[in-house]
Amino acid sequence: MFSMTCPAGVEAELTGFYVYCTNILAWLPPLIFTSMNQHGVSMQWGLLSLVLFFVIGIMLLFLMDPWDKVITRRTTEEGAEMGNVNVTNDGVEIARINATAGDIYY
């Protein structure tokens, strides 16, 4: 699903960045919690630091476009490079886009 949302031609770079970020974010919250606990900070503050990561993640999710809009934008960008694109929904063709002429056939 991630590669379907990336702009055409930069899938490898963005996938590498995605893997790097997920590895960092997988160990960073437990590390912060553990270091706070080892330095004598109350566990309540440590748990609050973990909740902060969830709140930031939820806020970032609200900034994302709806899935249909992302896929339509991706297929339109590919169509600009290739000429024609068929937009499908669950394998059923719902539109054919002729990107060079700007026509959409339903």
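As the structure is a computational prediction, the values presented were derived from the model and not from experiment.

Considerations on the environment of Phe 53
Locating Phe 53 in the fold gives a position in helix α3 (residues 43-62). On the basis of relative accessible area, Phe 53 is assigned to the partly exposed category, the value being 28%. Sequence-wise, Phe 53 and Leu 28 are 25 residues apart; in three dimensions their C-alpha atoms are separated by 9.6 Å. Once residues lying within four places of it in the same chain are set aside, the contact partners of Phe 53 are Leu 25, Leu 28, Pro 29 and Ile 32.

Looking at the layout of surface pockets
Counted as a void, the largest pocket has a volume near 540 Å³. Contributing to the lining of the largest pocket are 14 residues, with Leu 25, Ile 56, Gly 57, Leu 60 and Leu 61 lying nearest its centre. Of all the secondary structure elements, the ones that give two or more residues to the lining of the largest pocket are α2 (11-38) and α3. Broken down by element, the residue count for the lining of the largest pocket peaks at seven residues, all from α3. Along the lines of polarity and charge, the residues of the lining of the largest pocket split into twelve nonpolar, two polar and no charged.

Criteria and cut-off values
Residues numbered from 1 in each chain as written. Predicted model: local features only at pLDDT ≥ 70, side-chain atom pairs only at ≥ 80, totals over all residues. Heavy atoms only, no water. Helix = DSSP H or I, 4+ residues; strand = E, 2+ residues; numbered from the N terminus. Buried < 20%, exposed > 50% of the residue type's maximum accessible area, 1.4 Å probe, protein only. Contact = heavy atoms within 4.5 Å. 1 Å grid on protein atoms, 1.4 Å probe; cavity = no way out; pocket = protein on both sides within 12 Å on 5 of 7 lines; lining within 4 Å. Points joined across faces, edges and corners; volume = space filled by probe spheres on them. Nonpolar A, V, L, I, M, F, W, Y, C, P; charged D, E, K, R; others polar.

Honestly, that's just the spatial picture; any functional story needs more than this.
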